[in-house]
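# Architecture at a glance
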Amino acid sequence: MRTVRWDPDGPAVLMIDQRLLPADFQILTLTTAAEVAQAIQDMAVRGAPAIGVSAAFGLALAAVNSRTREVESLWQELETASSILRAARPTAVNLSWALDRLLQAAFELKGKGTEAIRECLVVEAQRMADEDVRINRRMAEHGAALIQDGATLIHHCNTGALATVDHGTALGVIRTAHEQGKRIHVLVDETRPRLQGARLTAWELAQYGIPHEVICDNAAGHFLSRGVVDAVLVGADRVAANGDVANKIGTYMLALAASDNQVPLYCVLPTSTIDLTLPSGEEIPIEFREAAEVLELQRDGKPIAPAGCQARNPAFDITPHRLVTAFVTEVGVLHPPYDVHLQRAVQEAQPK
Ligand code: MRU
């Protein structure tokens, strides 16, 4: 299963519509960069690596849809499309990372004409998608070595195939441990308000045949304090140079409860999620989403909150690096001091 892919016959970007899961499985066909930006904003596609690759395909669409034969006007169209895509969601750095990589590739071909640029953007976006799957499998191998046979794990949000192109980050580690024959049990945080855990992670785990139970987010502390959890696994949307982690809202509370009970918390991420330009988590932009996401949940067909009620809805929080036991990346497992080891990992991951 690929969450997002390029359809050369369109040309179009095909993606699983994650808003409809688990009730319906539908593929969206998007034919413009603006449609891709809207799909990212509406969370038809979500998860840091998946939105990065989707944005890359969006930029490739802008290039192939353009009729111009002038390099400068194609360049302007690409800059406009990339600002629309970049603005779709602010926290995951993979979005700008992917766009910058494609723009750089296009820039280097400015002397070769518009056709060369169009072709290069499609090839580069597809390469990025393939790389994502390879990187996830490498991370999963490194991470699975940390998971014991018989382990019970808490997992937050959705970090699986749906959050990437395929396989996943934190959930990829769980998948690989399971494929290695380890008996794993997953306590799936439901992940309010959009319920990525209950809707998407539980759906994926059922397909892989991995035993699991959904828990309310606020039950995690209870299970951690009772000694029934061996490790907590989370992904990341952006990691600052000092190791502070921006991830799905609730990660910070989970990390505090894990630390208080001496349960390791592993953060699994590709090096493209590391932002060395930001010294700490304080500088990471946090997306706030509409109040309706919090208030529109229904019970017995009725909204859970009184009419007119206000809500505040940060989509991410910052977990200080002191609460992270280790980072799992495609170049290996990183331990403190994170400022040194994250920088080294980014260098090591550069194409030679
Ligand atoms: O708002 P979302 O669903 O895009 O948030 C996703 C997360 O927070 C994930 O943990 C993160 O992107 C890593 S996914 C491999």
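Since this is a predicted model, take the numbers as computed values, not measurements. (Residues numbered from 1 in each chain as written. Predicted model: local features only at pLDDT ≥ 70, side-chain atom pairs only at ≥ 80, totals over all residues. Heavy atoms only, no water.)

Let's shift gears to the overall build of the chain. Scanning the chain from N- to C-terminus turns up 11 helices and 16 strands. Taking 352 residues into account, the globule formula puts the C-alpha radius of gyration at 20 Å, and the chain, at 20 Å, falls close to it. Expressed as lengths along the three principal axes of its C-alpha atoms, the size of the chain is roughly 65 × 50 × 40 Å. Counting all 352 residues of the chain, 57% fall into the buried class. If you take every contact in the chain between residues at least 6 apart in sequence, the share linking residues at least 24 apart comes to 74%. Per element, the accessible surface of the chain, about 15000 Å² overall, is 51% carbon and sulfur. Taking the average place of the 32 positive charges on the side chains of the chain and the average place of its 43 negative ones, the gap between the two points comes to 1 Å. (Helix = DSSP H or I, 4+ residues; strand = E, 2+ residues; numbered from the N terminus. Rg over C-alpha atoms; globule rule 2.2 N^0.38 Å. Buried < 20%, exposed > 50% of the residue type's maximum accessible area, 1.4 Å probe, protein only. Contact = heavy atoms within 4.5 Å. Areas by Shrake-Rupley, 256 points an atom, 1.4 Å probe, with all protein chains shown as cover. Lys, Arg positive; Asp, Glu negative; His and termini not counted. Charge placed at Lys NZ, Arg CZ, Asp CG, Glu CD.)

Attention shifts here to the environment of V188. Note on placement: V188 falls in strand β5 (residues 185-189). On a C-alpha basis, the gap between V188 and A63 in space is 40 Å, while along the polypeptide they are 125 residues apart. The contact partners of V188, leaving out residues within four places of it in the chain, are H155, G197, A198, T201, A202, L205, H212, E213, V214 and I215.

Okay, the site of the ligand next. With respect to spatial proximity, 18 residues lie near the ligand, and among them R46, R89, D237, N247 and K248 are the closest. A distance of 2.9 Å separates an oxygen atom of the ligand from a polar atom in the backbone of G47. At a separation of 2.8 Å, an oxygen atom of the ligand approaches a polar side-chain atom of Q196. Coverage of the ligand by the protein chains reaches 100% of its 410 Å² of free accessible surface. At a threshold of 2 Å from the grid points, most atoms of the ligand map onto the largest cavity. For the shell around the ligand, a count of residues per class yields seven nonpolar, seven polar and four charged. There are two domains that each give the shell around the ligand at least three residues, and those are domain 1 (4-136) and domain 2 (143-349). (Near = heavy atom within 4 Å. Polar contact = N/O pair within 3.5 Å; in protein donor to acceptor, adjacent residues only side chain to side chain. 1 Å grid on protein atoms, 1.4 Å probe; cavity = no way out; pocket = protein on both sides within 12 Å on 5 of 7 lines; lining within 4 Å. Sits in = over half its atoms within 2 Å of the grid points. Nonpolar A, V, L, I, M, F, W, Y, C, P; charged D, E, K, R; others polar. Domains from an automatic or database assignment.)

Let us look at the nonpolar core. In terms of nonpolar packing, the biggest core is built from 46 residues, with V13, I40, F57, L59, L78, L85 and L121 touching the most fellow members. Put simply, the parts of the chain that give this core at least two residues each are β1 (4-7), β2 (12-16), α1 (33-41), α2 (48-65), α3 (71-86), α4 (94-108) and α5 (114-144). It is α2 that contributes the most residues to this core, 12 residues altogether. When residues no more than four places from it in sequence are discounted, the contact partners of I40 are V45, I51, S54, A55, A88, R89 and L95. One finds A219, V234, L342 and A345 within the second-largest nonpolar core, a separate group that totals 29 residues. (Core = buried A, V, L, I, M, F, W, Y, C linked by side-chain atoms within 4.5 Å.)

A complete count under the given rule lists zero disulfides for this structure. Here C216 stays free of any disulfide, with the sulfur of C157 as its closest cysteine sulfur at 16 Å. Note on C216: relative accessible area 41%, which makes it partly exposed. (Disulfide = S-S within 2.5 Å.)

Here the focus is the domain arrangement of the chain. Taken domain by domain, the chain comprises domain 1 (4-136) and domain 2 (143-349). Of note, the centres of domain 1 and domain 2, computed from C-alpha atoms alone, are 25 Å apart. At the junction of the two partners, domain 1 supplies 28 residues and domain 2 supplies 32 residues. Summed over both partners, the interface of domain 1 with domain 2 buries about 2600 Å², with 57% contributed by carbon and sulfur atoms. Three residues, R46, T91 and N136, lead the burial of domain 1 against domain 2; their summed loss comes to 24% of the area buried on that side. Along the contact surface separating domain 1 from domain 2 lie one salt bridge. E287 is the salt-bridge partner of R89, the closest N and O atoms lying 2.9 Å from each other. Put simply, domain 1 and domain 2 have 17 residue pairs in polar contact (both at pLDDT 80 or more) between them. Secondary-structure elements contributing two or more residues to the side of domain 1 that touches domain 2 are α2, α4 and α5. The biggest single contributor to the side of domain 1 that touches domain 2 is α5, with five residues. Tallied by class, the residues present in the side of domain 1 that touches domain 2 amount to 17 nonpolar, six polar and five charged. (Buried area = accessible area lost by both parts, 1.4 Å probe. Salt bridge = Lys/Arg side-chain N within 4 Å of Asp/Glu carboxyl O.)

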